[in-house]
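Close look at the chain arrangement
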Amino acid sequence: MQLINKCIGVLCLVVVVLVTGTASVHGDGEAMVDHHATLPASLEQYYPPVSPAPAYLLAMMSMSQPFSAMVSDALEGDLDHVAGDFDAFRKAYLGAAAMVPEWTDRYPVEPVDRLAEAVATRDMSQIMPAVEAVGAVCHSCHLSTMAPVQHRFHWGRFADIALTDPLSGADVSYARLMLMMETNFSGIGADLAQGQIENARAQFAGFKSRFETFGDACMVCHETERHYYVSDDIDTLIAALESELVKPEVDAARAGELMQLIGRESCSKCHLVHIPAAYAQQAARAHSR
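First, a word on what this report is: a plain description of the structure on this page. The shown structure was predicted, so the numbers you read here are calculated from the model rather than taken from an experiment.

**Thoughts on unusual backbone geometry**
The linkage connecting proline 48 with the following residue, proline 49, adopts the cis geometry, with an omega of 10 degrees. Secondary-structure assignment places proline 49 in the loop between α1 (2-20) and α2 (55-75). Located in the positive-phi region is arginine 122, a residue other than glycine, with phi close to 60 degrees. Take arginine 122: it is sitting in the loop between α4 (110-121) and α5 (124-153). By relative accessible area, which is 45% here, arginine 122 ends up partly exposed.

This is the structure:
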């Protein structure tokens with residue numbers, strides 16, 4: 001039981017480190033990060049709040065539509081429209097390349113020129129290999145840049161979320177309240193292992209109250225009700241743990257099993273989704289300071 005809770009505690013503490021992007025946190029909560037940047041600074045001007053719309057994303061779409069139309073028309077044998085599709089694609093391609101000077105090398109002109117030559121032949125045996133070569137250029141860039149861009153510009157920032165601790169009434173950062181909740185969670189198992197049942201019950205009360213606060217915080221970024229991680233099935237597990245802890249004779253092993261389930265089905269799975277974005281954001285922002 002003690003080993004189980006040590007493992008749970010270490011996992012949650014590591015998560016707090018990753019979400020804050022810090023190896024140490026000062027009293028003011030400022031994270032110290034030394035990761036290398038993965039995104040050019042010029043992208044900032046093309047996304048909110050600097051830009052009213054995600055201009056770079058829209059530029060990607062302006063390339064994607066005519067490129068896909070070109071393939072569709074070619075496969076239909078509609079070669080009369082393939083040339084027009086290609087012209088629209090090339091214009092969008094060159095426009096996107098000019099938006100981010102740091103990524104000029106990701107927009108090679110040679111494959112596009114070869115595609116222009118292939119389209120002019122109206123020969124499918126030449127067009128499709130040239131299309132595939134240009135598609136490979138797009139795919140290669142997406143592999144290295146799409147996820148970091150999405151993490152940086154399409155996800156909310158945990159650092160922007162201010163919460164009120166339901167126990168102290170103090171306004172605290174998201175990371176600070178998570179650390180407090182983790183302390184409560186680990187404290188349940190530690191106190192049970194030490195035979196301090198009343199302390200374990202008090203730790204559970206703190207954990208439950210803070211967990212509910214985190215559930216409400218989801219709506220800061222999400223626009224619809226959450227159906228996972230803070231959902232009814234997790235509430236059922238937490239209620240089962242509470243029922244076990246209020247018994248005159250607490251079954252520590254059963255309590256440990258329930259804690260493992262909560263950690264696996266709520267904490268761990270939520271972390272798998274959100275930590276990559278939070279970590280990427282911290283790395284990029286630390287470099288830009």
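**Brief notes about α4**
Taking 1.5 Å as the rise per residue, α4 with 12 residues should run 16 Å; its terminal C-alpha atoms sit 17 Å apart, in good agreement. Along α4, the positions that sit buried rather than exposed are Pro111, Val112, Leu115, Ala116, Ala118 and Val119. For α4, the angular spread of buried residues about the axis comes to 165 degrees, placing them on one side. For α4, the exposed residues lying more than 90 degrees away from the buried face are Glu110, Glu117 and Ala120. Looking at the packing, one finds that the buried side of α4 touches α2, α3 (79-99) and α5. With its phi angle positive at about 60 degrees, arginine 122 sits one or two positions after the end of α4.

**Quick look at the side chain of serine 186**
Looking at where serine 186 falls in the secondary structure, it is placed in helix α6 (residues 174-193). A distance of 2.7 Å separates a polar atom in the side chain of serine 186 from a polar atom in the side chain of glutamate 182.

**Comments concerning the packing of α4 against α5**
Direction vectors running N to C along α4 and α5 enclose 160 degrees, while the axes themselves pass 8 Å from each other. Judged by the angle between their axes, α4 and α5 are roughly antiparallel. You can see that α4 and α5 cross each other, and the crossing is left-handed. Contacts between α4 and α5 involve Pro111, Val112, Arg114, Leu115, Ala118, Val119 and Thr121 from the first element and Gln126, Ile127, Ala130, Val131, Val134 and Val137 from the second. Within the contact of α4 with α5, the residues separate by chemical class into 10 nonpolar, two polar and one charged.

**Focus: α3**
Look at α3: 31 Å from first C-alpha to last across 21 residues, which is about the 30 Å you get at 1.5 Å a residue. Looking only at α3, the buried set comprises Leu79, Val82, Asp85, Phe86, Phe89, Ala92, Tyr93, Ala96, Ala97 and Met99. Mapping the buried residues of α3 onto a view down its axis gives an arc of 140 degrees, with all of them on the same face. Projecting away from the buried face of α3 at angles above 90 degrees are the exposed residues Asp80, Lys91 and Ala98.

**Brief notes about the environment of leucine 94**
By the element assignment, leucine 94 lies in helix α3. The class for leucine 94 is partly exposed, based on a relative accessible area of 45%. On a C-alpha basis, the gap between leucine 94 and valine 112 in space is 9.8 Å, while along the polypeptide they are 18 residues apart.

**Brief notes about the pattern of salt bridges**
Scanning all chains against the criterion turns up 12 salt bridges. Aspartate 87 is the partner of arginine 90 in a salt bridge, and the nearest nitrogen-oxygen pair spans 3.9 Å. One end of the pair is arginine 90 and the other is aspartate 87, both in helix α3 and three residues apart, which spans about a single turn. Each of the salt bridges in this network shares a partner with another, and the network as a whole consists of Arg264, Glu265 and Lys269.

About the cut-offs
- The numbering scheme is per chain: residues are counted from 1 as the chain's sequence reads.
- Given that this is a predicted model, residues contribute local features only at a pLDDT of at least 70 and side-chain atom pairs are listed and counted only at 80 or more, while totals for whole chains, interfaces and linings are drawn from all residues.
- For the side-chain quantities, the full set of heavy atoms in the structure was used; hydrogens and water were omitted.
- Helix numbers and strand numbers start at the N terminus; a helix is a DSSP run of H or I with at least 4 residues, a strand a run of E with at least 2.
- Under the scheme applied here, a residue whose accessible area is under 20% of the maximum for its type counts as buried, over 50% as exposed, and between as partly exposed, the area being computed with a 1.4 Å probe on protein chains only.
- Expected helix span is taken as 1.5 Å per residue step, with the number of steps being one fewer than the number of residues.
- As used here, the arc is the angular range of directions from the helix axis to the C-beta atoms.
- Residue contacts are counted whenever heavy atoms from the two residues lie within 4.5 Å of one another.
- Residues adjacent in sequence count toward polar contacts only when both atoms are side-chain atoms; beyond that, a polar contact is any pair of N or O atoms within 3.5 Å, and within protein one must be able to donate a hydrogen and the other to accept it.
- All axes are obtained by fitting lines to C-alpha atoms, using only the stretch in contact for helices, and the reported angles, taken between N-to-C directions, cover 0 to 180 degrees.
- Note on terminology: angles under 35 degrees are roughly parallel, angles over 145 are roughly antiparallel, angles of 65 to 115 are roughly perpendicular, and the others are oblique.
- By the definition used in this description, the sense in which the near helix is turned from the far one sets the handedness, with an anticlockwise turn below a right angle giving left-handed and a clockwise turn giving right-handed.
- Here the term charged refers only to Asp, Glu, Lys and Arg, the term nonpolar to Ala, Val, Leu, Ile, Met, Phe, Trp, Tyr, Cys and Pro, and the term polar to all other amino acids, Gly among them.
- Here a salt bridge means any side-chain nitrogen of Lys or Arg lying within 4 Å of a carboxyl oxygen belonging to Asp or Glu.

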